[in-house]
Amino acid sequence: MSQFNSRRRLGLAAAFFFVINLYHVNSAKVEEPPYHLPFDYDPFSATGPPRWGEVNVTGNEWMKFVGKNQIDLDIDGNECDSVRRPSPLNLVANDKCRDNHEILTRQIRDTDCKFHHLNFTITPHTLTATFPLNDRHCERPTIDLPNGYPYRWHAHRIEIHLRAEHVLDGRRYDGELQMNHLGQKDQKRKVSTVSAMLDASGWEDDPKLQAYIDTWQAYADKIQSDCSRRKLGEASQARRPPTYTSSGFSSGVGGDADDAENTLYSPMTAKRAADDIDHRDGSNGNASNHRSRRTEDAVEKDGSDLESREEEVRGPRRKMFPYDLWPTIYFYRYQGQLTAPPCSEIVIWRVLDEPLLISRKQFKQLGRLLTSYVDPETCEGASAVSPRGENYRPLESINHEKQEMTHCTNRDFGFWQYPPDQQ
């Protein structure tokens, strides 16, 4: 009996030390640096735009949204050589506008994601500011697209391109700010991108854009400082560069990609989405022109017209962050591609038809930031922009059989009108 107890104690001790060792092994895991696809914007390099169709797109950053319940982007291999629905394009309308209202944003709430919730980073290819992947810490901004899209789109990422990727009726602007949005439910296989041109002919800085530039600059300065210390022997090993928010460096508040399936659209988020749809007096996404809508049950009292009184106090809604950057409500619309590998044909484009006016100083600072990327392991410059410091994909040719290009102007709709308590 004593011999049995001794063996039992030895077995328990061995199991205990095995668990302790396993814990230490797991806790010692070093986070791998981010993976960036092997392509660049130099037209004469072996991985430049003319040869993007040969790039191995395994592990691209959009793959984390494939195969989920609530969101399942239609990404399957490299489509950079496809001519079915290419992007970017010279935007010239070939059909009439069928949208009947502006891109709607919901009413501002105290729980909304704000500037300090963004994760700023500089990649070899662009400057990015990314929203959380879920509403756990704040409510992500959403947009409501007209003409057949019943569910709202959640803001995912803002990125900068110099020069502009799209051309507006023959004119290429100095830059392009793209806001990518993820769909849900029936729209879960698509990305919606709203794009604003940057016109660097302004005499003054744009103060809203400058906040983004300053935060990217702080990120670049911190990485450069870390590399300088490492070269002096104060740091012993390479580490993954942190994302940067206006509050400082962090690992981000958006959650891991692994939990995106479970937390990207929580029950509370679904309820908020339903509430957001209700404000349009209908939940099918095909709102009628609000300017001509009349309250059917309006009645007159004491000789006064309550309906006209209600319309007199209606007005446009103040745009929530980050849509306060938009210079106009009018746009070109078409369906096309992501403008970098894997070039998937999953994007519903809305390109605003007026540019955001910025200063030449801001434009030059963005250019310097684009070329400032350094490899986090070697601290060597590894920017993938072109020799001229640009990161735009050359124009593609529109496929008139598959791509309907429309231009919506003030002849098609005006500002959506809201009662005072919804502005």
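Residues numbered from 1 in each chain as written. Predicted model: local features only at pLDDT ≥ 70, side-chain atom pairs only at ≥ 80, totals over all residues. Heavy atoms only, no water.

A. How the structure looks around the overall build of the protein. Counting its secondary structure elements, the protein contains six helices and 17 strands. Here the protein, with 423 residues, has 48% of them falling under the buried criterion. The contacts in the protein between residues at least 6 apart in sequence include a share of 76% that link residues at least 24 apart. Per element, the accessible surface of the protein, about 21200 Å² overall, is 49% carbon and sulfur. (Helix = DSSP H or I, 4+ residues; strand = E, 2+ residues; numbered from the N terminus. Buried < 20%, exposed > 50% of the residue type's maximum accessible area, 1.4 Å probe, protein only. Contact = heavy atoms within 4.5 Å. Areas by Shrake-Rupley, 256 points an atom, 1.4 Å probe, with all protein chains shown as cover.)

B. Representation of helix α2 (residues 207-231) in the model. Taking 1.5 Å of rise per residue, 25 residues should cover 36 Å, and α2 covers 36 Å from first to last C-alpha, within 8% of that figure. All buried positions along α2 are accounted for by Leu209, Gln210, Tyr212, Ile213, Thr215, Trp216, Tyr219, Ala220, Ile223, Asp226 and Cys227. A distance of 3.2 Å separates the backbone nitrogen of Lys208 from a side-chain oxygen at the start of α2, and that oxygen is part of Asp206. (Expected span 1.5 Å × (residues − 1). Polar contact = N/O pair within 3.5 Å; in protein donor to acceptor, adjacent residues only side chain to side chain.)

C. The arrangement of the pattern of salt bridges in detail. All told, the structure shown has 20 salt bridges when counted by the stated rule. Linking Arg140 and Asp135 is a salt bridge whose minimum nitrogen-to-oxygen distance equals 2.8 Å. The same class applies to Arg140 and to Asp135, which are both buried. The closest approach of N and O atoms between Arg393 and Glu396, which form a salt bridge, is 3.7 Å. Within this structure, Glu61, Arg157 and Glu159 form a network of salt bridges that share partners. (Salt bridge = Lys/Arg side-chain N within 4 Å of Asp/Glu carboxyl O.)

D. Local environment of the side chain of His125. Position of His125 relative to the elements: it lies in the loop between β3 (119-122) and β4 (127-130). Residue contacts for His125: discarding those within four places in its chain leaves His36, Leu37, Phe39, Tyr41, Leu370, Ala384, Val385 and Asn391.

E. Here's a closer look at the packing of α2 against helix α6 (residues 360-370). Two elements in contact, α2 and α6, have axes whose closest approach is 10 Å; the angle formed by their N-to-C orientations is 30 degrees. Judged on the interaxial angle alone, α6 and α2 are roughly parallel. Relative to α6, the crossing made by α2 is left-handed. Contact residues: Leu209, Gln210, Ile213, Trp216, Gln217 and Ala220 in α2; Lys361, Gln362, Gln365, Leu366 and Leu369 in α6. (Axes fitted to C-alpha atoms, helices over the stretch in contact; angles between N-to-C directions. Parallel < 35°, antiparallel > 145°, perpendicular 65-115°, else oblique. Left-handed = near helix turned anticlockwise from the far one by under 90°.)

F. Just the nonpolar core, in detail. Core analysis: the largest hydrophobic core is formed by 54 residues, its most contacted members being Tyr212 and Trp216. No other element matches α2, which puts eight residues into this core. Not counting residues up to four positions away in its chain, the partners in contact with Tyr212 are Phe115, Leu118, Phe120, Ile158, Phe321, Pro322 and Leu325. With 22 residues, the next largest nonpolar core counts Trp62, Phe65, Leu73 and Ala164 among its residues. (Core = buried A, V, L, I, M, F, W, Y, C linked by side-chain atoms within 4.5 Å.)

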